[in-house]
Amino acid sequence: MDEGTYRVLPGRDEETWRFLDRDTFETIAVPIEGHNVPVEDLHPGYLVEAELDWGSEDPTVRSLSVVRPTLYTFVEDADPIFEVAQSLWEETRAAGEGMNATQTYNTDNKVNGVCYVFADAGQPSVFDDFRAGARPLEPLVDRINDQADTEPAARELFVLRPPDGTFTVVTIALDKDGRFAETLRETYERDAPDEPLV
């Protein structure tokens, strides 16, 4: 039995999740079905504590609890890229840099998120590496939580890749289900999921 804290990521297919070990940053392929706990009700981005049984070829989840129901949304061929991210990318490219970051603000000029851009033209792409956990998003999320005045909260994180694939955007909405996250969901036609575990 292995006990650990894991970030849930999309699997290699629709029948698996990837569990990213928060200590080692290694990923484990976990079948969505075949457990006595509701693994099928998880969503990408959830931070969970789980006990894994390695008595068979694929691990079986023996116990499961959601620590924080953060949500990750991955959008390929994202169009349009919202204005703040597009402007940040143009500034980054003009400066000859490979990445950059800025805060985002609501209409009351209060910080509602953080936007990162990464140059992305390789194989595998930065987008694919983020999605698979080969390049963990954890440091970006941890940085937000470490700077917050309150206990770490559930966020909504959007990873966007435009059709030309020249860069990848990572945007963290500070308020899960807040107006900024809702706007991004509407823009990229991603409905908020049902969340029976929270």
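Look above for the structure.
What counts and what doesn't
Residues numbered from 1 in each chain as written. Predicted model: local features only at pLDDT ≥ 70, side-chain atom pairs only at ≥ 80, totals over all residues. Heavy atoms only, no water. Pairing = 2+ DSSP bridges. Helix = DSSP H or I, 4+ residues; strand = E, 2+ residues; numbered from the N terminus. Axes fitted to C-alpha atoms, helices over the stretch in contact; angles between N-to-C directions. Salt bridge = Lys/Arg side-chain N within 4 Å of Asp/Glu carboxyl O. Buried < 20%, exposed > 50% of the residue type's maximum accessible area, 1.4 Å probe, protein only. Contact = heavy atoms within 4.5 Å. Phe/Tyr/Trp six-rings, centres within 6.5 Å; stacked < 30°, edge-to-face > 60°. Lys NZ or Arg CZ within 6 Å of the ring centre and 35° of its normal. Patch = residues over 30% accessible without salt bridge, like charges linked within 9 Å, V, L, I, M, F, W, Y side chains within 5 Å. Areas by Shrake-Rupley, 256 points an atom, 1.4 Å probe, with all protein chains shown as cover. Lys, Arg positive; Asp, Glu negative; His and termini not counted. Charge placed at Lys NZ, Arg CZ, Asp CG, Glu CD. Arc of directions from axis to C-beta.

This part takes up the sheet that holds strand β9 (residues 156-161). As summarised here, the arrangement of the five strands in space is β6-β9-β10-β8-β7, forming an open sheet in which the pairing is mixed. Each edge of the open sheet is held by one strand with a lone partner, namely β6 (71-76) and β7 (99-105). Put simply, the sheet's adjacent strands are angled 15° from each other on average, direction ignored. In this structure, β6 lies alongside β9, joined through six bridges in parallel fashion.

Summarising the sheet, strand β2 (residues 16-21) and strand β3 (residues 27-31) pair through five bridges and their orientation is antiparallel. Bridging across to β3, Thr16 finds its partner in Pro31. Hairpin connection, β2 to β3: the antiparallel pair is bridged by five residues, and Phe25 has positive phi, about 65°.

Applying the stated criterion to the full structure yields ten salt bridges. In this structure, Arg161 engages Asp120 in a salt bridge whose closest nitrogen and oxygen atoms are separated by 3.3 Å. Within this pair, whereas Arg161 is found in strand β9, its partner Asp120 is found in the loop between β8 (111-119) and α2 (126-132), the two being separated by 41 residues in sequence. The exposure class assigned to Arg161 is buried, which follows from its relative accessible area of 15%. For the salt bridge of Lys176 with Glu195, the shortest nitrogen-to-oxygen distance reads 2.9 Å. With Lys176 in the loop between β10 (167-173) and α4 (179-187) and Glu195 in the segment after α4, this residue pair connects regions lying 19 residues apart in the sequence. Grouping residues by exposure puts Lys176 and Glu195 together as buried.

Structurally, Thr5 is set in strand β1 (residues 2-10). Sequence separation between Thr5 and Val67 is 62 residues; the distance between their C-alpha atoms is 8.6 Å. Residues within four places of Thr5 in sequence aside, it is in contact with Leu20, Asp21, Arg22, Leu47, Val48 and Glu49.

Read from one edge to the other, the open sheet built from five strands follows the order β3-β2-β1-β4-β5, with strand pairing classed as antiparallel. Looking at which strands have only one partner, the edges of the open sheet turn out to be β3 and β5 (60-68). For this sheet, the mean inter-axis angle between neighbouring strands, taken without regard to orientation, is 40°. The pairing of β1 with β2 spans five bridges and is antiparallel. If you follow Pro10 over to β2, its bridge partner there is Trp17.

Next up on the list: the packing of aromatic side chains. As enumerated under the stated definition, the model contains seven aromatic pairs in all. Their ring planes at 10° and their centres at 4.8 Å tell us that Trp89 and Phe167 sit as a pair that is stacked. Of this pair, Trp89 sits in helix α1 (residues 83-94) while Phe167 is found in strand β10, placing the two residues 78 residues apart along the sequence. Over the ring of Phe130 we find Arg135, and its NZ or CZ is 5.8 Å from the ring centre.

So, on to a negative patch on the surface. Side chains of Glu14, Glu15, Glu33 and Glu40 sit close together on the surface and give a patch of like negative charge. Inspection of the secondary structure assignment puts Glu15 in the loop between β1 and β2.

With that settled, the discussion passes to α4. Among all positions of α4, only Phe180, Ala181, Leu184 and Arg185 are buried. Buried residues of α4 fall within an arc of 135° about the axis and therefore sit on the same side. Against β6, β7, β8, β9 and β10 lie the buried residues of α4. With its phi angle positive at about 55°, Glu189 sits one or two positions after the end of α4.

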